[in-house]
Amino acid sequence: MHRIRHEQLPFRGSSHHFVGADQGDTAVSVFLFNGQPGSGPGPHRHPYDEIQFIQSGRGRHTANGESFEAGAGDILVIKAGEVHSFRCLGDEPLVQLDVHLSPTFVQESVE
């Protein structure tokens, strides 16, 4: 077993970064996103699937040009290569776990 507290993970932008390759050679990586209103990544894609588990707050999510609002309890499955982005809406933080089916993060910005 490998144990670590999320506060020990690298923090960049609005997320703690769990990189599976650095944490017991695990096959997934996770962004522990905790974004303030207006924050979130611009359009990007990954060469692997991603699953977002929204814990609290609301966001405006866009996938392949379709925008929609998602909130606590929603689970979003983003397939490899799909261009996607999101922004925190409202007055409270958007908290979600973004599970990347890869031992490292590979992200291509699409502007």
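Rules used in this analysis
Throughout, residues of each chain are indexed from 1 in the direction in which the sequence is written. pLDDT decides what is reported in this predicted model: residues at 70 or higher carry local features, side-chain atom pairs at 80 or more are listed and counted, and totals for whole chains, interfaces and linings draw on all residues regardless. Note that water and hydrogens are dropped before the side-chain values are worked out from all heavy atoms of the structure. Think of it in three bands: residues with accessible area under 20% of the maximum for their type are buried, residues over 50% are exposed, and the middle band is partly exposed, with areas taken using a 1.4 Å probe on protein chains only. Segments assigned H or I by DSSP are reported as helices when at least four residues long, segments assigned E as strands when at least two residues long, and all are numbered from the N terminus. Strands pair, by our definition, only if DSSP identifies at least two bridges between them. As defined here, a cavity is a set of points on a 1 Å grid over the protein atoms alone where a 1.4 Å probe fits but cannot get out. A pocket is an open set with protein on both sides within 12 Å along at least five of seven lines, and residues line them when an atom is within 4 Å of a point. Grid points are joined across faces, edges and corners, and a volume is the space filled by probe spheres set on the points. Residues were grouped as follows: Ala, Val, Leu, Ile, Met, Phe, Trp, Tyr, Cys and Pro as nonpolar; Asp, Glu, Lys and Arg as charged; and all remaining residues, including Gly, as polar. Throughout, a residue-residue contact means that at least one pair of heavy atoms, one from each residue, lies within 4.5 Å. What is meant by a nonpolar core is a set of buried Ala, Val, Leu, Ile, Met, Phe, Trp, Tyr and Cys residues, joined one to another through side-chain atoms within 4.5 Å.

Caption draft 1: Representation of the pairing of strand 3 (residues 29-35). When you tally the buried positions in strand 3, you get five out of seven residues, the bulk of the element. As defined by bridge partners, strand 2 (residues 15-18) adjoins strand 3 across four bridges and the pair is classed as antiparallel. Of the residues in strand 3, the one forming a bridge with Ser15 is Phe33.

Caption draft 2: Inspection of the layout of surface pockets at higher detail. Space inside the largest pocket adds up to approximately 210 Å³. Lining the largest pocket are 18 residues, and of these Ser15, Phe31, Phe33, Pro41 and Phe86 lie nearest its centre. Listing elements by their share of the lining of the largest pocket, those giving two or more residues are strand 2, strand 3, strand 5 (50-56) and strand 10 (94-100). For the lining of the largest pocket, a count of residues per class yields four nonpolar, eleven polar and three charged.

Caption draft 3: Examining the environment of Ile78 more closely. On the secondary structure map, Ile78 appears in strand 8 (residues 75-78). Residues Ile78 and Leu94, 16 residues apart in the sequence, show an inter-C-alpha distance of 18 Å. Those residues in contact with Ile78 that sit more than four places away from it in its chain are Asp49, Glu50, Gln52 and His84.

Caption draft 4: Here's a closer look at the side chain of His100. Following the sequence through the fold, His100 ends up in strand 10. Discounting chain neighbours no more than four positions away, the residues touching His100 are Val28, Ser29, Phe31, His46, Tyr48, Asp49, Glu50 and Phe105.

Caption draft 5: Region of the structure containing the nonpolar core. Membership of the largest hydrophobic core is limited to seven residues, which are Phe33, Ile54, Ala70, Leu76, Phe86, Cys88 and Leu94. Here Leu94 is in contact with Phe33, Asn34, Gly35, Ile54, Ser56, Gly57, Arg58, Gly59, Phe86 and Cys88, once residues within four sequence places are set aside.

Caption draft 6: The environment of Leu89, seen in detail. The residue Leu89 is located in strand 9 (residues 84-89) in this model. Between the C-alpha atoms of Leu89 and Glu69, which are 20 residues apart in sequence, the distance is 8.7 Å. With residues near it in sequence (within four places) discarded, Leu89 still touches Arg58, Gly59, Arg60 and Glu69.

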